[in-house]
Amino acid sequence: MKKYLLLLTNLIAANCLNANHSFYIGATLELNTMLGKRNDSVENTNRILANFTTNKTVNQRGIYGGFFVGYMLKICSFGIGPEFFYNYGSIENTVSNTHKDQGAGINTAFDIKHRITTQSGINARIGCFLESYFLYMLFGQHFQTGNYKVLARQEPGGALVEFSHDSKNKVNRGASVGLGAQKQITENYGVGIEYKLINLPKRSYEFDLVDGNGTKLTSDIKYKIHSIGLRFIYKF
């Protein structure tokens, strides 16, 4: 086996005199679009149920900025390597509605917000070099931080005049695929453009409003993120 590996290495070296590897760092500016569906409902011990949303469309955009570090192995015109990234930004999707409890004579107004913030992960980039260009596909793991916030207001004369709840930050993990193009401007500097599709699993939340009527709020959301970004690269 070692003899065959040595033979393959010598063959590559003989036919690909430009075989090399490099490390790089960079910054990115992205437009992220959050697309998906959400369901929100509330009920209490009086058996009064309200479906605030049923498969409601989510379509929100936000700007993200971040940095990345990576390694590239180039053999002939073929390139492959891992890349680690971290981005920060914010996208929010809010539903406002009122739950009317005729039995208790109390109306409860809700603002229900799903918010996503920081992103991190690793991508494998695989592609080919065409003169000063690198055209590639990517496959990776994406870690998306998000939270769920509720603001509830009761009238008239409810046990809780105003109450807020924050789920705190939770991380959702999904898979990413994408395409990109990069141009080397000088020996060390390059620019690029990249598109990614991130598919994230459904995240469900449940919250009990301690108002004496056993009011329970249930909310879930499933979404994808479409990301297109400009990249600025420095190669060592």
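Above this text is the structure in question.
Nothing here was measured: the structure is a model prediction, and the numbers come from that model. (Residues numbered from 1 in each chain as written. Predicted model: local features only at pLDDT ≥ 70, side-chain atom pairs only at ≥ 80, totals over all residues. Heavy atoms only, no water.)

(A) Seen up close, the nonpolar core. If you look at the biggest cluster of nonpolar residues, it comprises 12 residues: V42, A50, F52, F110, I112, Y148, V150, A152, Y205, F207, L209 and L217. Listed by contribution, the elements that provide at least two residues to this core are strand 2 (49-75), strand 5 (106-130), strand 6 (133-155) and strand 10 (203-209). Membership of the second largest hydrophobic core comes to 10 residues, among which are M34, I116, I221 and Y223. (Core = buried A, V, L, I, M, F, W, Y, C linked by side-chain atoms within 4.5 Å. Buried < 20%, exposed > 50% of the residue type's maximum accessible area, 1.4 Å probe, protein only. Helix = DSSP H or I, 4+ residues; strand = E, 2+ residues; numbered from the N terminus.)

(B) Local environment of the packing of aromatic side chains. Evaluation of the coordinates by the stated rule reveals 9 aromatic pairs. Between F52 and F110, the ring centres sit 5.8 Å apart and the planes meet at 50°, which makes this aromatic pair tilted. Of this pair, F52 sits in strand 2 while F110 sits in strand 5; the two residues are 58 residues apart in sequence, bridging distant segments of the chain. A relative accessible area of 11% places F52 in the buried class. Each ring, one from Y234 and one from F236, has its centre 5.3 Å from the other, and the planes form 90°; the classification is edge-to-face. Judged by relative accessible area, Y234 falls into the partly exposed class, the value being 29%. Among the aromatic residues, those joined into a ring-pair cluster are F129, F134 and Y136. Here the guanidinium or amino end of K74 rests over the ring plane of F129, the centre of that ring lying 4.7 Å away. One cation-aromatic arrangement involves R231 over F68; the distance from NZ or CZ to the ring centre is 4.1 Å. (Phe/Tyr/Trp six-rings, centres within 6.5 Å; stacked < 30°, edge-to-face > 60°. Lys NZ or Arg CZ within 6 Å of the ring centre and 35° of its normal.)

(C) Up close: unusual backbone geometry. Positive phi, normally seen in glycine, also occurs at C76, with a value near 55°. Relative to the elements of secondary structure, C76 occurs in the loop between strand 2 and strand 3 (78-89). In the Ramachandran plot, E131 falls in the positive-phi region, its phi being about 55° despite a non-glycine side chain. Looking at where E131 falls in the secondary structure, it is placed in the loop between strand 5 and strand 6. On the basis of relative accessibility, which here comes to 80%, the residue E131 falls in the exposed class.

(D) Looking closely at the side chain of D40. Along the chain, the position of D40 falls in strand 1 (residues 20-43). One polar contact links D40 to R38, side chain to side chain, over a distance of 2.8 Å. One polar contact links D40 to S219, side chain to side chain, over a distance of 2.5 Å. Dropping the residues within four chain positions of it, D40 is found in contact with A50, N51, F52, T53, V95, I112, H114, T218 and S219. (Polar contact = N/O pair within 3.5 Å; in protein donor to acceptor, adjacent residues only side chain to side chain. Contact = heavy atoms within 4.5 Å.)

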